[in-house]
Amino acid sequence: MATKHEQILEYIETLPVGEKISVRRIAKELQVSEGTAYRAIKEAETQRLVSTIERVGTIRIERKKKENIERLTYAEIVNIVDGQVLGGRAGLHKSLTKFVIGAMQLEDMMRYTEAGNLLIVGNRLKAHEYALRAGAAVLVTGGFDATDAVKRLADEYELPVISTSYDTFTVATMINRAIYDQLIKKEILLIEDILIPLENTHLLFEKDPISRYRELNKETTHGGFPIIDQTGKLVGIITSRDVIGHTDEETVEKVMTRDPITVSLQTSVASAGHRMIWEGIDLMPVTDDHGKLKGVISRQDVLKAIQTAQRQPQQGETIDDIIKSQLRLQQSEKLVLEFRVSPQMTNSYGSVSYGAYTTILVEAATTALKTKNRRDSALENMSVYYLQPVQLDSTLLVKPVILHISRKSAKVDVEVVFDNKIVGKALLTFQLLDR
C-alpha cells in the first residue's frame, strides 16, 4: 500500500496543469496533517510538478521532458526575475518558446512577437496590449506597472503580465543564464536515464525458495537479483556466492545480503559507476526515498552510458569544460600539455585558483591514461604540492608521467613547470573502470 506521501504526489500528478495548490487544501482533501502535505508539495517542486511563486502561491505546471528542459514556464520566469504577477495568473503554467527584447519601433517589435513568446519591454503601454493580442506574455522591466485594460486582457487571454524591478539587459541575462544552466543539467546523465525499469527487472520475494533463484539464474544468466517484500520495498540482494552450500528448500531471506548499497533515480551515472567499481559490485538496485524498488543498473550499462556521453557534443560549458578547453597538447616526444592562466581561473590575489589548478592536474593525468587506451577512470586520491604561486597570463607546461598501471588502478605523477622552474607537483591515484 502506498504511503501518505506517495498518495499526495500521485494526487498532485492527477491535477490539471494550471491548478492552484495549497497545504491546507491537500491536508483537507486527503485527510493528512499539514506537515505531511507541506513535505509532499516540496517533493513535487523538486520533481518539477509544481512551482511556488511569492504572492501567487503554488501551481501545477507541466513536467518537462529532459529533451525539452531548455523551455521555461512563465512561473519559472517569475521566480528567476523576482517578479510580481500583474495579470493572467491562469497562464503561469504555460511554456515559452523564446523571448523577444522590445528595443525597437512598435511595428518592428510586433513583427518578431508570436504566440508562446515572452516580450521583455519597459513602460511601452501599446506594446503590452499588442503582445497579448498576438498570444505572447509580457515582462515589464524597470518596476513599471501595466494599465488596468492590459491586466483585464491578460486575464481574458490567460497570458501572464509580469513586472520586475530589474532592467531589460539584466533580465535577459538572468533568463539566458537559467536556460544555459538547464542545458548543462540536460547533459548530466542520471540513473533515471539508463535504469532497467521495475517491469523489466528480474527479482525475488523474501519468502521465495533458493530453487527459484537457481531457476532465474539459469533463465537469465544473471548472477544477482534484488529481493523485495510484499509491499515492493527492497530488503536485500542475492548473488551466486550467497547460495553456495544451501539447499533448494531454504528461503532467500536467510542467505541474502541485507541493506544493500542502492542509488536513487537522481544519482549521476558517474557517481554510481565510481561506487560500483569501489565496492566491486556488478548490480545495484535503484530505490525511491521510501525504499521501494524502482529498477536496477548493471556495471556494463553504467560504463556504456559514460562512454556514450563522452562522445556527445557539449551544449553548455561548465567551469571544468572551460579549463579543459584551454589545455593544449605540445608536439614533443614526451607527453606535455600547455595551459595559459586566464582571468576566470584566478583567485582574488591574481594567481591560479586551487580549483582550476587541481582540474588541470586531473585532466593531464587522464590524458596520459588515455594514451595507454585506458579511457574510463575515476580519481581515487590526489596529493598536491604548491611550490610557487602562478600568476595571471602565465603559460604553464604540464607533464604527466604514468608511474604504475595495473588492471584495476594507476598512479600518475604530474609536474607543473613555469619559466623552466617546477612550480607544482602532484601524485594521483585512479581506479580503472573495466567491463
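This text gives an overview of the structure that appears in the document. All values derive from a computational prediction rather than experimental measurement. By convention here, each chain's residues receive numbers from 1 onward along its written sequence. Local features in this predicted model are restricted to residues of pLDDT 70 or higher, and side-chain atom pairs are both shown and tallied only at a pLDDT of 80 or more, whereas totals for entire chains, interfaces and linings draw on every residue. Values reported for side chains reflect all heavy atoms of the structure, with hydrogen atoms and water molecules removed beforehand.

To get an axis, fit a line to the C-alpha atoms, keeping to the stretch in contact for a helix; angles then go from 0 to 180 degrees between the N-to-C directions. By definition, any uninterrupted DSSP run of H or I lasting at least four residues is a helix, any uninterrupted run of E lasting at least two residues is a strand, and each is numbered from the N terminus. Following both chains from N to C, one finds helix α1 (residues 4–14) and helix α3 (residues 34–46) inclined at 55°, their axes separated by 9 Å at the closest point. On the basis of their axis angle, the class for α1 and α3 is oblique. Two packed elements cross with a definite hand, and for α1 against α3 that hand is right-handed. Seen from α1, the contacting residues are Lys4, His5, Ile8, Leu9 and Ile12; seen from α3, they are Thr36, Ala37, Arg39, Ala40, Ile41, Glu43 and Ala44. Per-class residue counts for the contact of α1 with α3 are 7 nonpolar, 2 polar and 3 charged. Note on angle classes: values under 35 degrees are labelled roughly parallel, values over 145 roughly antiparallel, values of 65 to 115 roughly perpendicular, and the remainder oblique. Should the near helix be turned anticlockwise from the far one by less than a right angle, the crossing is left-handed, and should it be turned clockwise, the crossing is right-handed. A contact between two residues is defined here by any heavy atoms of the two lying within 4.5 Å. Think of it as three bins: nonpolar holds Ala, Val, Leu, Ile, Met, Phe, Trp, Tyr, Cys and Pro, charged holds Asp, Glu, Lys and Arg, and polar takes everything else, Gly as well.

This part covers the sheet that holds strand β6 (residues 117–121). Strand pairing follows a simple DSSP-based rule, namely that at least 2 bridges must link the two strands. The strand order across the open sheet built from 5 strands is β4-β8-β7-β6-β5, with neighbouring strands paired in mixed fashion. Every other strand in the sheet has two partners, leaving β4 (84–87) and β5 (98–101) as the edge strands with one partner each. Averaged over all pairs of adjacent strands, the angle between their axes in this sheet comes to 25°, without regard to strand direction. Where strand β7 (residues 137–140) and strand β8 (residues 161–163) come together, 3 bridges link them in parallel fashion. Bridge pairing in β8 links Val140 to Ser163. Against the sheet, helix α7 (residues 148–157) touches β4 and β8, its axis set at about 90° to β4.

Here we have 3 strands laid out as an open sheet, ordered β9-β15-β14, and antiparallel in their pairing. Edge positions in the sheet fall to β9 (196–197) and β14 (283–287), since each of these pairs with one other strand and no more. The sheet contact formed by β9 and strand β15 (residues 293–298) spans 2 bridges and is antiparallel. Considered in β15, the bridge of Pro197 is made with Gly295. Sheet contacts for helix α12 (residues 269–279): β14 and β15; angle to β14, the most-contacted strand, approximately 135°.

The next point concerns the packing of aromatic side chains. Any Phe, Tyr or Trp ring, taking Trp's six-membered ring, that has another such ring centre within 6.5 Å forms a pair; planes under 30 degrees apart are called stacked, those over 60 apart edge-to-face, and the others tilted. Inspection of the entire model under this criterion finds 3 aromatic pairs. Summarising the aromatic geometry, the rings of Tyr357 and Tyr386 are spaced 4.9 Å apart at their centres and angled 35° between planes, so their arrangement reads as tilted. With Tyr357 in helix α15 (residues 354–370) and Tyr386 in strand β18 (residues 377–386), the pair connects residues that are 29 residues apart, well separated along the chain. Overall, Tyr357 belongs to the buried group, its relative accessible area being 3%. On the accessibility criterion, Tyr386 (41% relative accessible area) is partly exposed. Chaining the aromatic ring pairs together yields one cluster made of Tyr354, Tyr357 and Tyr386. Think of it in three bands: residues with accessible area under 20% of the maximum for their type are buried, residues over 50% are exposed, and the middle band is partly exposed, with areas taken using a 1.4 Å probe on protein chains only.

Moving on, we come to the packing of α1 against helix α2 (residues 23–30). Contact geometry of α1 with α2 gives a least axis separation of 11 Å together with a crossing angle of 110°. If you check the angle between α1 and α2, you find them roughly perpendicular. For the crossing formed where α1 meets α2, the hand is right-handed. Listed contacts from α2 to Gln7, Ile8, Tyr11 and Ile12 of α1 are Arg25, Ile26, Glu29 and Leu30. A per-class count over the contact of α1 with α2 returns 5 nonpolar, 1 polar and 2 charged.

All buried positions along α7 are accounted for by Val150, Leu153 and Ala154. Down the axis of α7, the smallest arc covering the buried residues is 105°, so these residues share one side. Away from the buried face of α7 by more than 90 degrees, exposed residues Asp148, Arg152 and Glu156 are located. Buried residues belonging to α7 abut β4, α6 (125–133) and β8. Glu158 occupies a position one or two residues after α7 and carries a positive phi of about 55°. Throughout, the arc means that of the directions going from the helix axis to the C-beta atoms.

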